[in-house]
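Secondary and tertiary structure notes
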Amino acid sequence: MAGKPSEKQIEACDSLPNELKPIFDDFVADYKYAATIRHGRPYISYIVLADMIRVGCRCSENHLKNK
């Protein structure tokens, strides 16, 4: 997790099994970037991202190629 994670980010990450935590960290970083580009600020619901990862949502290999 880049920077100091918020309490909500830590709670959401801790709700996942250890094998999914690195995926969550990558997803958060990508989502923060995309939200900042789109909205100027990284609006994130960490628990929603955790729920998405828990049910199998993953970034594609070519996600956010233009970073």
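Only a predicted model underlies this, so the values are computations on that prediction, with no experimental measurement involved. (Residues numbered from 1 in each chain as written. Predicted model: local features only at pLDDT ≥ 70, side-chain atom pairs only at ≥ 80, totals over all residues. Heavy atoms only, no water.)

Let's shift gears to helix H1 (residues 7–14). Every buried residue of H1 is listed here: Gln-9, Ala-12 and Cys-13. Take H1 and look down its axis: the buried residues cluster within an arc of 100 degrees, on one side only. Residues of H1 that are exposed and angled more than 90 degrees away from the buried face: Glu-7, Lys-8 and Asp-14. On its buried face, H1 sits against helix H2 (21–39) and helix H3 (46–54). (Buried < 20%, exposed > 50% of the residue type's maximum accessible area, 1.4 Å probe, protein only. Helix = DSSP H or I, 4+ residues; strand = E, 2+ residues; numbered from the N terminus. Arc of directions from axis to C-beta. Contact = heavy atoms within 4.5 Å.)

Applying the stated criterion to the full structure yields two salt bridges. With its nearest N and O atoms 3.7 Å apart, the salt bridge here joins Lys-21 to Asp-14. The residue Asp-51 makes a salt bridge to Arg-54 at a minimum N-O spacing of 2.9 Å. Placement of the pair is Asp-51 and Arg-54 together in helix H3, with a separation of three residues, close to one helical turn. Classification of Asp-51 as partly exposed rests on a relative accessible area of 38%. (Salt bridge = Lys/Arg side-chain N within 4 Å of Asp/Glu carboxyl O.)

Honestly, it's all geometry; don't read function into it.
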